[in-house]
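Residue-level listing of the chains:
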Amino acid sequence: MEKLIIKGGKPLHGEVSVSGAKNASLPILAAVLLAGGRYRIDNVPYLRDVNTMNRLLGTLGVECLHENGSVNVFNRGDCGSCVASYELVKTMRASILVLGPMLSRTGTARVALPGGCAIGERPVNYHISALEKMGAEIEVSGGYINASCGRLRGAEIVFDKVTVTGTENILMAASLADGVTVLQNAAREPEIVDLACFLRSMGADIKGDGTSTITVKGVGELHPADYSVMPDRIEAGTFLCAVAGCGGRVLVRNCPVSSMDAIIEKLREAGLNIEIIDDFTVLASSDGHIKAVDAETFPYPGFPTDMQSQFMAVMLKSDGVSLITESIFENRFMHVPEFKRMGADVSLNDSGAVVRGCRSFSGAPVMASDLRASAGLVIAALMADNTSEVQRIYHLDRGYESFEKKLSALGADIRRVPGDG
Ligand code: UD1
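Presented here is a report on the structure given in the accompanying data block. Note that the structure is predicted; figures quoted are calculated from it, not measured.

Angle between the axes and distance between the axes: these two values describe a pair of packed helices. The N-to-C vectors of helix α6 (residues 164–175) and helix α7 (residues 190–201) enclose an angle of 15°; their axes lie 10 Å apart at closest approach. In this view, α6 runs roughly parallel relative to α7, as classed from their interaxial angle. For α6 against α7, the interelement crossing comes out right-handed. Facing α6, whose interface residues are Val164, Thr167, Glu168, Leu171, Met172 and Ser175, α7 presents Glu191, Ile192, Leu195, Ala196 and Leu199. Within the contact of α6 with α7, the residues separate by chemical class into 7 nonpolar, 2 polar and 2 charged.

On to the state of the cysteines. Taken as a whole and assessed by the stated rule, the structure comprises 0 disulfides. Looking at cysteine 241, it has no disulfide partner, and the nearest cysteine sulfur is the one in cysteine 246, 10 Å off.

This brings us to the site of the ligand. Near the ligand, the surroundings consist of 18 residues, among which Asn125, Thr163, Thr165, Asp306 and Ile328 are the closest. Proline 123 places a polar main-chain atom, nitrogen or oxygen, 3.3 Å from an oxygen atom of the ligand. Here an oxygen atom of the ligand and a backbone polar atom of isoleucine 328 are 2.7 Å apart. For the ligand, whose unbound accessible area comes to 750 Å², protein coverage reaches 89%. Every element with two or more residues in the shell around the ligand is listed here: α5 (125–133) and α6.

Next up on the list: the sheet that holds strand β8 (residues 137–141). Reading across from one edge, β6-β7-β9-β8 is the order of the 4 strands in this open sheet, with mixed pairing throughout. Only two strands of the sheet have a single partner each, and these edge strands are β6 (83–84) and β8. Helix α4 (residues 99–106) rests against β7 (108–112) and β9 (144–148) of the sheet, and its axis sits at about 160° to β7.

On to the pattern of salt bridges, then. Two side chains carrying opposite charge are able to pair once their charged atoms lie near each other. Under the criterion given, the structure shown has 17 salt bridges. Arginine 253 is the salt-bridge partner of glutamate 15, the closest N and O atoms lying 2.9 Å from each other. One end of the pair, glutamate 15, is in strand β2 (residues 12–17); the other, arginine 253, is in strand β15 (residues 248–253), and 238 residues separate them in sequence. It is possible to trace a salt-bridge network through shared partners that takes in Glu2, Asp397, Glu404 and Arg416.

For the rest of this paragraph, the subject is the environment of aspartate 287. Within the secondary structure layout, aspartate 287 lies in the loop between β17 (281–286) and β18 (295–296). Spatially, the C-alpha atoms of aspartate 287 and alanine 136 are 57 Å apart, while their sequence positions differ by 151 residues. Within polar-contact distance, the side chain of aspartate 287 engages the backbone nitrogen of histidine 289 at 2.8 Å.

Okay, α4 next. Counting buried residues along α4, 6 of its 8 residues qualify, which places the element largely inside the surrounding structure. Considering only its buried residues, α4 is in contact with α1 (22–31), β7, α5, β9 and α6. Backbone geometry just after α4 places glycine 107 at a positive phi near 85°.

Let's shift gears to the pairing of strand β16 (residues 273–278). Two strands pair when backbone bridges link them, and β16 and β17 are joined in this way by 5 bridges, in the antiparallel orientation. What sits directly across from isoleucine 274, in β17, is alanine 284. As consecutive antiparallel partners, β16 and β17 are separated by 2 residues.

With that settled, consider the sheet that holds strand β22 (residues 365–367). Judged by pairing direction, the sheet is mixed, and its 4 strands sit side by side in the order β22-β23-β1-β24 without closing on themselves. Edge positions in the sheet fall to β22 and β24 (413–417), since each has one partner strand and no second. On average, each strand axis in the sheet is tilted by 20° relative to the strand beside it, whichever way the strands run. Those strands touched by helix α12 (residues 371–383) are β1 (3–7), β22, β23 (387–391) and β24, and its axis lies near 30° from that of β1.

By the element assignment, glutamate 191 lies in helix α7. Judged by its relative accessible area of 5%, glutamate 191 falls in the buried class. Contacts of glutamate 191, omitting those with residues within four sequence positions, involve Asn23, Ala24, Glu168, Met230 and Arg233.

Ile41, Met53, Val98, Leu131, Phe198 and Leu199 are the most contacted members of the largest nonpolar core, which has 80 residues in total. Looking at which element gives the most residues to this core, the answer is α1, with 6 residues. Ignoring anything within four residues of it in the chain, the contact list for phenylalanine 198 reads Ile28, Ala31, Val32, Tyr39, Ile41, Ala225 and Tyr227.

Cut-offs and rules
- Residues numbered from 1 in each chain as written.
- Predicted model: local features only at pLDDT ≥ 70, side-chain atom pairs only at ≥ 80, totals over all residues.
- Heavy atoms only, no water.
- Axes fitted to C-alpha atoms, helices over the stretch in contact; angles between N-to-C directions.
- Helix = DSSP H or I, 4+ residues; strand = E, 2+ residues; numbered from the N terminus.
- Parallel < 35°, antiparallel > 145°, perpendicular 65-115°, else oblique.
- Left-handed = near helix turned anticlockwise from the far one by under 90°.
- Contact = heavy atoms within 4.5 Å.
- Nonpolar A, V, L, I, M, F, W, Y, C, P; charged D, E, K, R; others polar.
- Disulfide = S-S within 2.5 Å.
- Near = heavy atom within 4 Å.
- Polar contact = N/O pair within 3.5 Å; in protein donor to acceptor, adjacent residues only side chain to side chain.
- Areas by Shrake-Rupley, 256 points an atom, 1.4 Å probe, with all protein chains shown as cover.
- Pairing = 2+ DSSP bridges.
- Salt bridge = Lys/Arg side-chain N within 4 Å of Asp/Glu carboxyl O.
- Buried < 20%, exposed > 50% of the residue type's maximum accessible area, 1.4 Å probe, protein only.
- Core = buried A, V, L, I, M, F, W, Y, C linked by side-chain atoms within 4.5 Å.

What follows is the structure, encoded as structure tokens:
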């Protein structure tokens with residue numbers, strides 16, 4: 001297993017370009033199940049999760065060739081076996097995104113239950129109950145969701161809790177359903193809007209995406225389309241956190257400014273200067289002084305849970321005490337014990353993590369537990385006095401394209417080496 005060796009204490013300078021959004025690429029790739037034919041999807045990052053989705057689609061009758069940042073897709077049109085196997089689904093929870101489109105297009109789908117992960121239980125009950133409401137018969141047995149239907153019919157779906165992939169699954173399924181589907185308490189994430197734009201370019205009739213009520217008028221048939229995926233707001237936010245934590249001056253290109261209000265506001269409060277140059281470019285600079293601020297995660301447009309660990313890393317060197325509260329996933333503080341191993345002063349209580357900023361901390365060998373926790377550990381290691389080792393970086397490779405190369409081009413002392421096994 002590879003690991004990263006990071007020598008902290010260097011400010012970051014230069015330019016970085018953000019890759020296409022992982023969380024938009026995955027549903028957009030799953031949506032090609034809705035119509036046979038050829039597609040070209042641009043600005044798709046080379047990531048393990050994208051590769052897993054391409055392999056999964058390969059088992060469902062869809063050829064995907066990922067080269068030069070684009071995925072050339074050929075959907076044969078028969079969904080192959082209509083089975084998303086446990087072998088692939090267990091490596092990526094977002095595999096559940098094939099359920100809605102496959103069922104809606106073919107009337108049958110068998111998808112392994114994704115199961116929990118390090119950040120919490122993460123059930124898919126809302127996906128299932130919404131599809132049942134649309135007329136699907138669903139039985140969960142032997143670790144698989146077995147779903148069948150005639151043509152799905154439009155329905156009024158009220159999500160008890162905001163769910164991103166749940167909204168995406170139903171959006172895709174409803175596009176080919178008979179009649180109108182109204183999704184209430186829908187997720188408003190920019191990646192949902194990106195998926196809806198792609199579906200519209202395939203001929204879908206969707207209104208209200210980006211708000212909590214989305215209306216989908218089902219159509220008889222969709223057609224293939226070409227599309228370019230939005231840039232990754234979480235990757236962009238991660239680089240902004242790195243500058244806030246390490247100091248320096250970095251021009252961030254391909255930065256989706258309009259979808260980053262909460263992130264930009266929080267980092268400004270923490271003392272990072274962020275000059276918005278245009279819709280996709282910001283200049284971030286900091287003298288290294290970090291103000292202590294509290295943060296609480298919420299569904300979009302709130303502060304994203306996917307930025308929580310990176311922001312906490314910045315707070316490790318703040319000038320006071322900050323409280324970081326997680327309201328989406330019950331167990332998303334796996335980075336806290338690792339931050340403590342580095343010498344940082346963080347403790348957990350019922351409301352969240354209390355971070356007491358310190359002038360310096362030492363760095364240590366640490367272990368990544370999930371994708372975003374890994375990014376937080378890398379930022380903390382860049383801020384630490386000495387050398388750190390971040391192990392289990394396969395988590396990082398699920399969601400960040402060329403992360404250490406981009407950081408090292410900004411002057412960070414970071415290298416990937418083979419691990420101990
Ligand atoms: C997506 C993102 C992930 C992000 C998360 C929250 C993708 C591929 N992943 O994950 O990066 O951290 O949104 O912004 O886009 N829940 C249920 N039952 C369900 C569905 C969800 O109880 O059927 C709960 C979850 O356990 C969680 C909350 O709802 O507590 C939100 O989860 P959800 O928005 O569904 O997360 P994902 O779509 O899996």
